[in-house]
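# Survey of secondary and tertiary structure
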Amino acid sequence: MPVTETLLPASSAAEAPPQRRGGVAAVGLVLGGALSVQFGSAVATLLFPRTGVAGAVTLRLTIAALLLLVVCRPRLRGHDRSAWLAAGGFGLALAGMNSLFYQAIERIPLGLAVTLEVLGPLALSVFSARRLASWGWAGLALAGVALLGQGGFDRLNPAGVAFAFGAGAMWAAYIVLSARVGGRFPGADGLALALTLAALVTLPLGIIDGGAVLLDPQVLALGTALAVLASGLPYTLELLALRRMPTATFAVLMSLGPAVATLAGWLVLRQALTLLECAAIVLVIAASIGAVRVNAAAAGRPERR
């Protein structure tokens, strides 16, 4: 996606109208979407003991894909090779991003996993802007990571940290590819097709990991809740919000993801963080907001009031 929209959902940036109005309702929609995503991640963590991580990923992506296919009914004809390649790459990025992130939150607290993951879009934002101020915000983010390290990455589980960084890299790829898909497919057709591919890619490991448990009615109910909370509801709320506010404002609000994830982890999973870890999260959030502001200025589209 364009540099001012590095934290936007897949199908929203290409469709957002040029004129938007802010407002309390729009802010509420964005925060509602963020809460939905992070509490969905908490639900996924509750599924892990029954389905395994790969099983939970498969449930989320498969059910979300089925719901989106029913709603969108995407056309399969009339798309050239470049469009299908973009959709294919987007689907692989979705599969990788979800799989790596869920592996991370099995091992480290949800708030810290999201904090490390958001460094992927932040790095993309910094490199895209090519401004000295962006590097300053990147330095602030690195200071946040260094602060986390003071508490000991080994305490956080090195594999979990590595998975979170990997998820961040996949998120950056998702952003780039979603812009291409949004320009080649109408509506949310590209997202529906990419989600279908992501579900198919993760299905074999999901079946191996979860087995017959994936068909258990209670597990299917939790999987449906996960798909709605982590995919269907937030995408809808974010699309509505983008019709009412500037993209820069939207991206600033989305930068609060680590804080929302920390809240969800504490309320649902009882994951308490140290003051040092909370300070690190604040630094990364501040860096994300600063980078969004710089990108808006670099693109010549300052936030409208």
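Given the structure is predicted, the values throughout are model-derived calculations rather than measurements.

### So, helix 3 (residues 110-117)
The buried fraction of helix 3 is high, at eight of eight residues. Within helix 3, the full set of buried residues consists of Leu110, Gly111, Leu112, Ala113, Val114, Thr115, Leu116 and Glu117.

### Points about the packing of helix 2 (residues 81-107) against helix 8 (residues 189-210)
Contact pair helix 2 / helix 8: the axes reach a minimum separation of 8 Å and the direction vectors enclose 55 degrees. As the angle between them shows, helix 2 and helix 8 are arranged oblique. The chirality of how helix 2 crosses helix 8 is right-handed. Each of Trp84, Ala87, Gly88, Phe90, Gly91, Leu92, Leu94, Ala95 and Ser99 in helix 2 lies in contact with helix 8, whose residues at this interface are Gly190, Leu191, Leu193, Ala194, Leu195, Leu197, Ala198, Val201 and Thr202. In terms of residue class, the contact of helix 2 with helix 8 is built from 13 nonpolar, five polar and no charged.

### Looking at helix 8
Given a rise of 1.5 Å per residue, 22 residues ought to cover 32 Å, and the 29 Å separating the end C-alpha atoms of helix 8 matches this to within 8%. In helix 8, a bend of some 45 degrees at Leu203 exceeds every other bend along the element, and Pro204, a proline, comes one to four places later. Taken together, the buried positions of helix 8 are Asp189, Gly190, Leu191, Ala192, Leu193, Ala194, Leu195, Ala198, Ala199, Thr202, Gly206 and Gly210.

### Quick look at the environment of Arg270
For Arg270, the location among the structural elements is in the loop between helix 11 (257-269) and helix 12 (275-298). When the C-alpha positions of Arg270 and Pro109 are compared, they lie 9.5 Å apart, and in sequence the two are 161 residues distant.

### Observations concerning the packing of aromatic side chains
The relative placement of two aromatic rings is captured by the distance of their centres and the angle of their planes. Using the criterion set out here, one finds four aromatic pairs in the structure. On the numbers, 5.2 Å between centres and 45 degrees between planes, the contact of Phe90 with Tyr174 is tilted. Placement of Phe90 in helix 2 and of Tyr174 in helix 7 (residues 158-184) is noted, with a sequence separation of 84 residues between them. In this structure, Phe90 and Tyr174 share a single accessibility class: buried. Put simply, the rings of Phe48, Phe101 and Tyr102 pair up and form one aromatic cluster.

Conventions used here
Residues numbered from 1 in each chain as written. Predicted model: local features only at pLDDT ≥ 70, side-chain atom pairs only at ≥ 80, totals over all residues. Heavy atoms only, no water. Buried < 20%, exposed > 50% of the residue type's maximum accessible area, 1.4 Å probe, protein only. Helix = DSSP H or I, 4+ residues; strand = E, 2+ residues; numbered from the N terminus. Axes fitted to C-alpha atoms, helices over the stretch in contact; angles between N-to-C directions. Parallel < 35°, antiparallel > 145°, perpendicular 65-115°, else oblique. Left-handed = near helix turned anticlockwise from the far one by under 90°. Contact = heavy atoms within 4.5 Å. Nonpolar A, V, L, I, M, F, W, Y, C, P; charged D, E, K, R; others polar. Expected span 1.5 Å × (residues − 1). Bend = angle between axes of the 7 residues up to and from the residue. Phe/Tyr/Trp six-rings, centres within 6.5 Å; stacked < 30°, edge-to-face > 60°.

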